[in-house]
Amino acid sequence: MILHELISFEMLRVIWWGLLGVLLIGFALTDGFDMGTGALLPFVAKTDTERRVVINTVGPVWEGNQVWFILGGGAIFAAWPPLYAVSFSGFYMAMFIVLCAFIVRPVAFKYRSKRPSPTWRSTWDWALFAGGAVPALIFGVAVGNVLRGVPFHLTPSLMPIYEGSFFGLLNPFALLTGVVSLSMLIMHGAAWLNLKTEGRIQSRARRYGFTAGVVAIIGYAVAGAWLLLITDGYSFVNDVVTDGPSNPLMSDVVKGGSWIASYGDRPWIMIAPIMGFVGMLMALRGLTSGGEATTMLWSKMGILGVISSVGLTMFPFILPSSTDPDSSLTVWDASSSHLTLFVMLVATVIFMPLILMYTSWVYSVLWGKVTEDDVNANGETLY
């Protein structure tokens, strides 16, 4: 028996769909509080010392947190090539803006405290704000467009042709999901600052985080109702071959009905939105009651539930086409080869535990609060 045949093609496709979700959720849970902290910076910190406290809560970990973003992009490229081709070409301008924000952010971290000029430092503070808020918003807008369907089609030779525009991505539903994403990550950033700071910064973070959490919960509920009542879902017309060739044009897909119908077919996936609502509600409770570590954990649970609900609701679709439903990309027809997925899985089994152990070690070493005394005593070495 050939080694890669130990795991069926169908199972490998499901595994890599799940692993892609794990990588994206890992990015949201880690770099998400970096982005939320950056978005909160101009509001929770009023003095230069307070802003340095906020910056240094994420200063030692933000680079490591972005590993999840790189891994997610790599996984899409290697495991789901058609998804990479369509999404990175169709969302090119949006991705370019995100890339610019991610480039500005490390420059701001490094340069911000190099000069004492208030104007200099304020400029980089707002750069950090943009580096956090803009990607958080755009990622949510992208999710909203994926749920609505993206205007593209595949030629007979499987070349993707994108038919939309950047401003076409800014439709009402996508803007709603963008607000949900931004407010949810601001709440997550507030939970982080609640854990890592004290005094006035902590108090302001709790206040802003509570407001953002309320917006996230209401927006998430409205988005769910929108999916139920307005936005069309996608489904297969005939039985689909789950271990067939990666050719989306071999499937018959129809647009219509509701994504929410998947909860009737698979009731167990209701756990995801329940986790989303419960996690965010309990995070709000923690922000008002003064809980620290538990608030952060509840916030993580809320994000896990919200992101999982999108993937589970859409399964097996990963990028539906609004203009040519038959070109829609699904778990069953948009993957790399059987051998490629197996080799990647072996590499993941080896290296993913190492990444998790290293990340856990870093957080354990850098555990504890950042205070104004720390910044004043180490002004030349901290951000």
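Before any of the text, the structure's been laid out above.
What you see is a predicted model; the values in this text were computed from it and never measured.

### Some remarks on the pattern of salt bridges
All chains considered together, the criterion is met by nine salt bridges. Close ionic contact of Arg51 with Asp125 constitutes a salt bridge, the shortest N to O distance being 3.0 Å. Note that Arg51 is positioned in helix α2 (residues 48-58) and Asp125 in helix α7 (residues 118-148), a separation of 74 residues in sequence. Taken individually, Arg51 and Asp125 each receive the classification buried, so the pair is uniform in this respect. Between Arg200 and Glu372 there is a salt bridge, and its shortest N-O distance comes to 3.6 Å. With Arg200 in helix α9 (residues 199-229) and Glu372 in helix α14 (residues 372-377), the pair connects residues that are 172 residues apart, well separated along the chain. A cluster of three or more residues bridged by salt bridges with shared partners is formed by Asp48, Arg51, Arg112, Arg121 and Asp125.

### A few points about the packing of aromatic side chains
All chains considered together, the criterion is met by 27 aromatic pairs. Consider the rings of Phe166 and Phe167, whose centres lie 5.3 Å apart with planes at 75°: the pair is edge-to-face. A relative accessible area of 27% means that Phe166 is categorised as partly exposed. Look at Phe167 and you get exposed, because its relative accessible area is 67%.

### Remarks on empty space enclosed by the protein
Scanning the model with the defined rule gives three cavities of 30 Å³ or more in all. For the largest cavity, the calculated volume is near 70 Å³. Contributing to the lining of the largest cavity are Asp34, Thr37, Gly38, Leu41, Val54, Ile55, Val58, Arg105, Phe109 and Leu128. Secondary structure elements with two or more residues in the lining of the largest cavity: α1 (9-44), α2 and α6 (92-111). For the lining of the largest cavity, the element with the most residues is α1, which contributes four residues. Within the lining of the largest cavity, the residues separate by chemical class into six nonpolar, two polar and two charged. The volume enclosed by the second largest cavity comes to roughly 40 Å³. Forming the boundary of the second largest cavity are Phe91, Ala94, Met95, Val98, Ile138, Phe139 and Ala142. Counting only elements with at least two residues in the lining of the second largest cavity, the list comes to α6 and α7. Taken together, the residues of the lining of the second largest cavity sort by class into seven nonpolar, no polar and no charged.

The rules behind the values
- Residues numbered from 1 in each chain as written.
- Predicted model: local features only at pLDDT ≥ 70, side-chain atom pairs only at ≥ 80, totals over all residues.
- Heavy atoms only, no water.
- Salt bridge = Lys/Arg side-chain N within 4 Å of Asp/Glu carboxyl O.
- Helix = DSSP H or I, 4+ residues; strand = E, 2+ residues; numbered from the N terminus.
- Buried < 20%, exposed > 50% of the residue type's maximum accessible area, 1.4 Å probe, protein only.
- Phe/Tyr/Trp six-rings, centres within 6.5 Å; stacked < 30°, edge-to-face > 60°.
- 1 Å grid on protein atoms, 1.4 Å probe; cavity = no way out; pocket = protein on both sides within 12 Å on 5 of 7 lines; lining within 4 Å.
- Points joined across faces, edges and corners; volume = space filled by probe spheres on them.
- Nonpolar A, V, L, I, M, F, W, Y, C, P; charged D, E, K, R; others polar.

Without other data, these values stay purely geometric and don't point to any function.
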